[in-house]
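Structural overview
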Number of protein chains: 2
Amino acid sequence: MCLRKCIGVIVVLLSMAASLRPQTKTVAERLGYSADAKLLIVHADDLAVAHSVDAASFDALDKGGATSASIMVPCPWLNEVAAYAKDHPNSDLGLHLTLTSEWKIYRWSPVESKDRVTSLLDPSGYLWPETGPAAQNLKAEEAEHEIRAQVERAIAAGIHPTHLDSHMGVLFSRPDLFAAYVKVAHDYHLPFLAVRVADERAKLLSLLSEKDPIVDSIVMANTAVQAGQWKEFYGNAIKNLKPGLSEMIVHLGHDDAELQAVTIDHPDFGSAWRQRDYDFVTSPEFKKILEENHIVRVKWRDLQKFLK
Amino acid sequence: MCLRKCIGVIVVLLSMAASLRPQTKTVAERLGYSADAKLLIVHADDLAVAHSVDAASFDALDKGGATSASIMVPCPWLNEVAAYAKDHPNSDLGLHLTLTSEWKIYRWSPVESKDRVTSLLDPSGYLWPETGPAAQNLKAEEAEHEIRAQVERAIAAGIHPTHLDSHMGVLFSRPDLFAAYVKVAHDYHLPFLAVRVADERAKLLSLLSEKDPIVDSIVMANTAVQAGQWKEFYGNAIKNLKPGLSEMIVHLGHDDAELQAVTIDHPDFGSAWRQRDYDFVTSPEFKKILEENHIVRVKWRDLQKFLK
């Protein structure tokens, strides 16, 4: 669900950073690879939203199909992810900062006391269901309170986040929300998802420090991809990767009763969709395609070292 | 999980009401049955806690295995129950007022803004995990705020509750909490679970009005019942029912991946337990035992008429 309907927002948010800030080395070079290396983070979104998503994502992380993942802290299964994190201290788990609650019959509320973040609430008292109304209604200072509360709750649960990103791209939807996101990431010395594209809002990159890594491109299935074309879509995307740092964002889950109910009436990013993503990233074909295309899998944990 | 470890509390809370308040007719007579009729509410607890619980409970309600159920409003699946309630306007759904969040890796918080109900929160910001610490820490006025917020959220979701009861018996654990429970029930003109037993705290019954129905006995599986004795336990309990109003409290669910994870490390009231309850109440044997023992199944909706 991350970036649903917001891929347009995210891809136009950040522009050619290299033109705005001097950076002597690429991310690949900073990590010790050649300048033309193709680095890829394989990133599972939405951990903690449902047991089905957690189980599939843990399995993909354990098998090496996914390198990294991020957690929706306000969701009820946070402690399931905290238990996994405790048992897997080297796992690459960030926080999928969450300002929306998008499913029809399964909802959640902010971590922060509701009185302090009233602009984050829809009329029923849950987080807004879509990025649009969230972007229209959020007060930036309240969004910042909430994402700080999410970081603090994760830490209190025993999680040591390796990075931050934004569920459904809400924090990429307005300059002041993006500024809050960067501010919180800097305060906690965490790398965060920011994508390099050409756009007039490139001035926002001035918020980034020279140390902050920038992701050059995103690979993510979208609604134009037919169910039967899943492997073909990802295969082509990987073959067409350019040198630099890319992130492949996947949404993993098992197509079971729980996830079918969570995602009811919403096949996009739904239960069968997540099963297809899981099947692909845990398949031998995926491993083979990565090898054939000389893709170097990296983690946010690797990038975290830049900030120390 | 309702009344777990608290069956003792609930059964000693209320005493022989007939000795304290004049009541010319029994509940059975008020409903048009003979004075020695054996009335039984078959009540599914914990709706909204998990999809697995909802699915099993809806099925049992649809098949007539359960007559009634109650909803945990702070839990994430509230809107799934609201959708069922909308499609089944005659269903007998009350509110399982919830002041605890008892599972290990799956948690929830109050409906009310946390700042207003700080005594309801454990150190991690969720509701207390057990009745004991809840009873030790709750401020009665904050508990009242929260249960009113739960009633209001349910109504806002389109649910018309037929009755109130208390998850894990928290509202039966202290006189001031019980007083808040009765006050809220009276304010909303709803019948509520109160059990007739002999105890020194019978003075609390003075809070009840003459219209309030009292349940004469409770049937509920407990940890002394072995898995293989489930049918025998319920069969004997039904054969031994005395004239009056009884409630059989069951905890329904499917023994699937979701519910196994929700109830992890807790076989009591766990996933297999709930499957056994579901299997029993939807079995032909249950129907046969009720018929053979001339049990009259009633609903809280029937009792609601007393209050109008």
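Residues numbered from 1 in each chain as written. Chains lettered and ligands numbered in written order. Predicted model: local features only at pLDDT ≥ 70, side-chain atom pairs only at ≥ 80, totals over all residues. Heavy atoms only, no water.

Let us look at the interface of chain B and chain A. Each partner contributes residues to the interface: chain B has 25 residues there, and chain A has 25 residues. For the chain B and chain A pair, buried surface summed over both sides reaches about 2,200 Å², with 49% attributable to carbon and sulfur atoms. When the buried surface of chain B facing chain A is broken down by residue, Trp77, Ile105 and Arg153 of chain B rank first, second and third, together holding 24% of it. The salt bridge partner of Asp115 of chain B is Arg116 of chain A, with a shortest N-O separation of 3.0 Å. Mapped onto the side of chain B that touches chain A, the elements with two or more residues apiece are helix H4 (78-87) and helix H9 (257-262) of chain B. Looking at the side of chain B that touches chain A element by element, the count peaks at four residues for H9 of chain B. Of the residues in the side of chain B that touches chain A, the class split is 11 nonpolar, six polar and eight charged. (Contact = heavy atoms within 4.5 Å. Buried area = accessible area lost by both parts, 1.4 Å probe. Salt bridge = Lys/Arg side-chain N within 4 Å of Asp/Glu carboxyl O. Helix = DSSP H or I, 4+ residues; strand = E, 2+ residues; numbered from the N terminus. Nonpolar A, V, L, I, M, F, W, Y, C, P; charged D, E, K, R; others polar.)

Among the 10 residues of H4 of chain B, seven are classified as buried, and the element is accordingly described as predominantly covered. All buried positions along H4 of chain B are accounted for by Leu78, Asn79, Glu80, Val81, Ala82, Tyr84 and Ala85 of chain B. Its buried side turned inward, H4 of chain B meets helix H9 (257-262) of chain A together with strand E1 (38-47), helix H3 (51-63), strand E2 (68-71), strand E3 (93-97) and helix H6 (140-156) of chain B. (Buried < 20%, exposed > 50% of the residue type's maximum accessible area, 1.4 Å probe, protein only.)

Ranked by internal contacts, the top residues of the largest apolar core, which has 212 residues, are Leu164, Tyr181 and Met248 of chain A together with Leu164, Tyr181 and Met248 of chain B. Setting aside residues no more than four positions away along its own chain, Leu164 of chain B makes contact with Leu95, Leu97, Val151, Tyr181, Val184, Ala185, Leu190, Pro191, Phe192 and Leu193 of chain B. (Core = buried A, V, L, I, M, F, W, Y, C linked by side-chain atoms within 4.5 Å.)

All names here are of chain A. Two numbers describe how helix H6 (residues 140-156) lies on helix H7 (residues 175-187): the axes approach to 9 Å, and their chain directions differ by 30°. Crossing hand, H6 versus H7: right-handed. Where H6 approaches H7, its residues Ala140, Ala143, Glu144, Ile147, Arg148 and Val151 are matched on the opposing element by Asp176, Leu177, Ala180, Tyr181, Lys183, Val184 and Asp187. Partitioned by chemical class, the residues of the contact of H6 with H7 number eight nonpolar, no polar and five charged. (Axes fitted to C-alpha atoms, helices over the stretch in contact; angles between N-to-C directions. Left-handed = near helix turned anticlockwise from the far one by under 90°.)

To continue, consider the relation of the copies chain B and chain A. Note on the identical chains: chain B maps onto chain A by a rotation of 180° and an axial translation of 0.0 Å, with an RMSD of 0.0 Å. The symmetry that links the two subunits is that of a two-fold axis. When C-alpha distances to the rotation axis are compared across chain B, the minimum falls at Ser113 of chain B, with a value of 2.6 Å. Comparing interface residues between copies, 100% of those in chain B also lie at the interface in chain A; the contact surface is shared. (Least-squares fit on C-alpha atoms with pLDDT ≥ 70 in both.)

Before going further, it helps to examine the packing of aromatic side chains. Scanning the entire structure with this criterion turns up 24 aromatic pairs over all chains. Ring plane angle 75° and centroid distance 6.0 Å describe the contact between Tyr106 of chain A and Trp108 of chain A, whose orientation is recorded as edge-to-face. Ring centres of Phe172 of chain B and Tyr181 of chain B lie 5.4 Å apart, and the angle between their planes is 85°; this geometry places the pair in the edge-to-face category. Here the aromatic residues Phe172, Phe178, Tyr181 and Phe192 of chain A are joined through ring pairs into a cluster of three or more. Over the ring of Phe306 of chain A we find Arg30 of chain A, and its NZ or CZ is 3.9 Å from the ring centre. One residue, Arg276 of chain B, lies across the ring of Trp230 of chain B, its end atom 4.2 Å from the ring centre. (Phe/Tyr/Trp six-rings, centres within 6.5 Å; stacked < 30°, edge-to-face > 60°. Lys NZ or Arg CZ within 6 Å of the ring centre and 35° of its normal.)

It is worth spelling out the pairing of E2 of chain B at this point. All names here are of chain B. Of the two faces of E2, both are covered, the one formed by Ser68 and Ser70 as well as the one formed by Ala69 and Ile71. Direction of pairing for E1 relative to E2: parallel, over a ladder of three bridges. Each residue of the ladder has a partner; that of Ala44, found in E2, is Ala69. Running through H3, the crossover from E1 to the neighbouring parallel element E2 is right-handed. Where E2 and E3 come together, three bridges link them in parallel fashion. Directly across from Ser70, in E3, lies its bridge partner Gly94. Note on the crossover from E2 through H4 to E3: the handedness is right-handed. (Pairing = 2+ DSSP bridges. Right-handed = clockwise from strand over helix to strand, strands pointing away.)

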